[in-house]
Every structure is written in structure tokens, then in C-alpha cells.
Amino acid sequence: MNIKTISTTPFNDQKPGTSGLRKSVKVFQSPHYLENFVQSIFDTLQCENKTLVVGGDGRYYNRQAIQTILKMAAANGVGRMLVGQGGILSTPAASCVIRENQAFGGIVLSASHNPGGPDGDFGIKYNVTNGGPAPEKITDAIYDRTKTIDSYKILEAADLDLDRPGSFKLAMMDVEVIDPVVPYIKLMESLFDFDRIKDLLTSGKFRMCMDSLHAVTGSYAHAIFEQRLGAPAGTVQNGIPLEDFGGGHPDPNLVYAHDLVEVLYGENAPDFGAASDGDGDRNMILGRHFFVTPSDSLAVLTANAHLVPGYKDGLAGVARSMPTSAACDRVAEKLGIDCYETPTGWKFFGNLLDANKATLCGEESFGTGSNHVREKDGLWAVLFWLNILAVRGESVEQIVRTHWQTYGRNFYSRHDYEEVDAARANEMVERLRSLLPNLKGQQFGNYQVAYSDDFSYTDPVDGSVSQKQGIRIGFTDGSRIVFRLSGTGTKGATLRLYLESYEPDASKHDRDTQEALAPLIAIGEEIAQIRKFTDREAPTVIT
Ligand code: G16
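Residues numbered from 1 in each chain as written. Predicted model: local features only at pLDDT ≥ 70, side-chain atom pairs only at ≥ 80, totals over all residues. Heavy atoms only, no water.

Caption draft 1: Spotlight on helix α4 (residues 91-100). Within α4, eight of the 10 residues are buried, which leaves the element mostly enclosed by the surrounding structure. Along α4, the residues classified as buried are T91, P92, A93, A94, S95, C96, V97 and I98. Residue S90 occupies the N-cap position of α4, its side-chain oxygen lying 3.0 Å from the main-chain nitrogen of A93. Q102 sits one or two positions beyond α4 and adopts a positive phi of about 45°. (Buried < 20%, exposed > 50% of the residue type's maximum accessible area, 1.4 Å probe, protein only. Helix = DSSP H or I, 4+ residues; strand = E, 2+ residues; numbered from the N terminus. Polar contact = N/O pair within 3.5 Å; in protein donor to acceptor, adjacent residues only side chain to side chain.)

Shown next as C-alpha cells:
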């Protein structure tokens, strides 16, 4: 056994963002970069003799990174490592494996929806015992350690063959390569009525299309929809996971999942379409010629949860991130359950789920999930929708339109200005902050400001406070504009402008979303002087 201690120096840029440390592959490939961060995890968490899970979304550099992490884990005295076959684990499957094996934690390698390949992005994050992303106090401690680290430990050993399930020894450490699809399907079967979904998918009257965008859910989707649930071969498109996602952007939205959009908006479109992202935690839901916003999706799942076996006894509560529309708040009110508003980032749901204050959670950024794991879960959302469709026997569009009739419609959109100058973007936000105290009562056209603040969250379970989580400007009619800088980009800054208005009148539910929100869009641009600060005439992506 030959453990080497290697001298290193800090990089000082290893602060985890919304969802772990994300940088370009090139940065991760620089000498000691990955190693410094991994050693900082081990130094912070004392993982000696513990069981850890490791796996990633299969993007470029995943394989090399996992071999390095295994050798460092062995050198740092970790007891056992569970590794996804081929080094691959979707993010929700990693959460499932951590929980099922009562592991101490896990290292998840992904840059989520960011592009992959040698010129793309890579990422790493640490998940804790409950299977969810580490809370801020842990990510801050890891970051602090990266600033003082001066050496790391690694075992000198040959690479392991991770392509077949099996057990190995790496010095004193046990390594088990596991097939992650099996436990994941078992968990899904415990929540959803697979027989009923199978009847629907084999009825000859219902067609679906699942687009895995050449990312991690490919193997799970083939196994679930085509093999287990009997959908015809070809139901899953772009289903072969590739290291560069086929050159695409593995982000399930109307812009980047264009293949799926063409199918669902084309002639002879299927009844149901869905896509997931690089690491399988995000989802997009489409009906025939119909897009379901993630905020509406959360509201519909909440309203229909009683139709699904795993949730038939009711929900403890529901939670959404602050910029997510208030559509689910209306459902919660009717159901008489609590609705929590958290900062952006799945880690903020962990305490609510652990304390059984919330059962379902969702975010406008195409994330939905429940207490079955501690990550958002793309395929879970697809199965949830299929279960509802199988029980209700209506189309996606009918279900959403009936929902609006019952609860009113929250028109909602997000405008992204990607890769803008970071210094200017920060200047813009600082300027907005300085305006906040004087906005109340001001009139913009027909809209009067009712409140304005920089969102601050006090966790109802542990009392921790997270400040400066997004600038909110609310109007007297319930409309809202939110400004936030993304925490997941790797180039420059991304400004997100979130827009929401509420329309109770069903005769107006057919309006075009951008048209319905046009006055708010203009107000947002005016207050923040977006064009001036971003140097852009228009957003890069509108969802
Ligand atoms: C991550 C978090 C999500 C969050 C999203 C926001 O998603 O896990 O909870 O909503 O980031 O991203 P941004 O800060 O860019 O608005 P993922 O799928 O990238 O892990």
C-alpha cells in the first residue's frame, strides 16, 4: 500500500454555488484542482471508516475524476465506496442509493444542465446522510478548507474496472460497483401505479415521447418506459448517454429540448412529452401542442397527489422556491396544508422534508420532487404525470385548463440574460438594492408597488438565516417581478428576471403569456435598466 502525500496550494475560487462547485472542464483538469476540493471534503467531514457513494452524470472527465476520488478516499481511510456502474449515477439515483444504504454521504459529479465535453463544464458536490445536497454551513466549511489546504493524500494504484457490477479492494477500502437502475425502479414502483401506467402505455390509444437529451436518464428511461412499462421501442429519444451530450445543451426547456418540442408541436404529435437534464434531476412536461410551466406542474401534482398510491393519504405540506409562481400556494390553501417559500436551491428543502413539514417541492427551474429522495427528480415527475393521466383519462391540456378554471391562472415567465459582464451585473443588483426602500407606493402605469425587498429566509427547522436571495417587487394586484443572479453559470453572470401575474377570469386564460406579462416586462426593464447594464437588447432565453 503506497499512500502519497502531495503538496499543493489553494486556488481561492472553489466556493460552491447554488448546486456545488461548477467550472469548465479545463479548470478541473488543472493540476491539483479536483484533488484540493476532494481533500477539503475529507478534511471537513471526517469520513474515516464510513460508507460513501460516488457517481456522476457521465459527462466528459467523469471517469478520470472518479478514479482519482476512489484513490483519495482509500488514502483518507474511507471504509467503503459504492460506485455507480461505469461511474454513472443520476443525481436522484445517488440520493436514493445514499438513503437506501444508510451511507454517510456521497460525492456527486455533475454540471447539471450545463454543456459537457472537453470544452464544456464539470462539477462536484457533496451530499449528506439524508441523501440531499449539503447545507450551507457544510459547503462554507469545505470552502474555508480549500483556502488553507497545503497537501492531499492519494493511493498509488491502478485504475479499477467500473464497467461491471462487482466488489473490489483498494488498499483497506471496499469498493462496490452497483447497478443503480435497479434500486431506482424499485423506489418508483413503491410510489406509482405501474400496472395502470402500463395499461395506458400499451392501450394503443396513448403515445408518449421521452427525450433524455443524450444525458444520464437514457438508461433509466429505456428500462422504465420501454422495458418495464411496455411503451414501444423508440419512445425514448436521444437515449444513449454521451460524454458531450451529443454537442447539445442538456437543459429541458423549450429552447434546448428542441427535438422534443418539434415532435410535440408537429403533426400527429403524441399525447405526452417529457425531457430531463444532464444529471436527471430536472424535467419538462409537454402535452400535445401544449407546454406546462414548471410552476403549474407543481400545482397540478399537488392538487392531484391523492390519485397516486405513494401520496394517497395526503401531503404534509408543499414547498416552492421564492421565484416559483404562487400557483401551488392556491392549491395548498384549498387543501388546508402549509406552503413554504424558500430560497433558490434544492438544499433549502432538505430540512422541511426531513421534518415532514413538506411532502412535495418544486422550483420554476424545471425541478420537482418529493420526500422519496432529497434531490429533485426528473423521471419521478414524468411518472407522476403519467399516473395522473392514467387515472383521469384526460389530456395534459384538459387537466391544466381545468386546474386554471378552479384556481385561476398564474401567468409566469423567466427571462434570462446569459453570460453578461459579471461586474456590471453586480452593479445593477447593488443599484436595485439601493432603490428598494423608496419603491413602495410608486406607480408604474397601472401597477402600484405594494412591497419591495431582498428576500431573506429563516429556516423554520434550524433557524438558520439566508439573506440576499433575490430582489422582489410586488404590486397591489398580486403581480410580481423578481431579479436574481444565477448561481450555476460558469461564464460571466446570468441575470434572471422572473415575472408573474394572476388572472382569475377564465375567459382570459387563453392569452399569450408574453403578451399578458408585457407591462411587467417593461416595468422590470425600466426599474433595473437592464439594457444599459447588460448591453443586451433582449434576453437570451425566455421560458
Ligand atoms: C440548481 C439547484 C436548483 C436551483 C437551480 C437554480 O439546479 O439544484 O435547486 O433551482 O440550480 O439555478 P440558478 O442559480 O442558475 O438560477 P441544478 O439542476 O443546476 O442542480
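From this point, the narrative continues.
Caption draft 2: Spotlight on the side chain of T494. Take T494: it is sitting in strand β26 (residues 493-503). Beyond its immediate stretch of four places on either side in the chain, T494 contacts D416, Y417, E418, E419, R484, L485 and S486. (Contact = heavy atoms within 4.5 Å.)

Caption draft 3: Region of the structure containing the sheet that holds strand β27 (residues 541-542). Taken together, the seven strands give an open sheet; going across it, the order is β20-β21-β24-β25-β26-β19-β27, and neighbouring strands pair in antiparallel fashion. Each of the sheet's edge strands pairs with one partner strand only, and the pair in question is β20 (443-444) and β27. Note: β20 against strand β21 (residues 447-454), two bridges, orientation antiparallel. Bridge pairing in β21 links F444 to Y447. Most of the contacts of helix α16 (residues 513-528) go to strand β19 (residues 409-420), to which it runs at about 45°, and overall it touches β19, β20, β21, β24 (471-475), β25 (480-485), β26 and β27. (Pairing = 2+ DSSP bridges. Axes fitted to C-alpha atoms, helices over the stretch in contact; angles between N-to-C directions.)

Caption draft 4: Local environment of the site of the ligand. Around the ligand, a shell composed of 19 residues is seen, among which E363, S486, G487, T488 and R496 lie nearest. In the model, an oxygen atom of the ligand is placed 2.8 Å from a nitrogen or oxygen of the S365 side chain. In this structure, an oxygen atom belonging to the ligand sits 2.6 Å away from a side-chain N or O atom of S486. Within the complex, 99% of the 460 Å² of free accessible area of the ligand lies under protein. Of the residues contributing to the shell around the ligand, the split by class is one nonpolar, 10 polar and eight charged. (Near = heavy atom within 4 Å. Areas by Shrake-Rupley, 256 points an atom, 1.4 Å probe, with all protein chains shown as cover. Nonpolar A, V, L, I, M, F, W, Y, C, P; charged D, E, K, R; others polar.)

Caption draft 5: How the structure looks around the domain arrangement of the protein. One can read the domain layout of the protein as domain 1 (2-180), domain 2 (184-407) and domain 3 (409-542). Taking only C-alpha atoms into account, the centre of domain 1 sits 28 Å from that of domain 2. Taken together, the 33 residues of domain 1 in the interface contact 32 residues of domain 2. With both chains or domains summed, domain 1 and domain 2 bury close to 2,500 Å², and 56% of this area falls on carbon and sulfur atoms. We note a salt bridge from E100 to K186, for which the minimum N-O separation is 3.8 Å. Summed over the shared surface of domain 1 and domain 2, the number is 12 residue pairs in polar contact (both at pLDDT 80 or more). For the side of domain 1 that touches domain 2, the residue count by class is 10 nonpolar, 17 polar and six charged. (Domains from an automatic or database assignment. Buried area = accessible area lost by both parts, 1.4 Å probe. Salt bridge = Lys/Arg side-chain N within 4 Å of Asp/Glu carboxyl O.)

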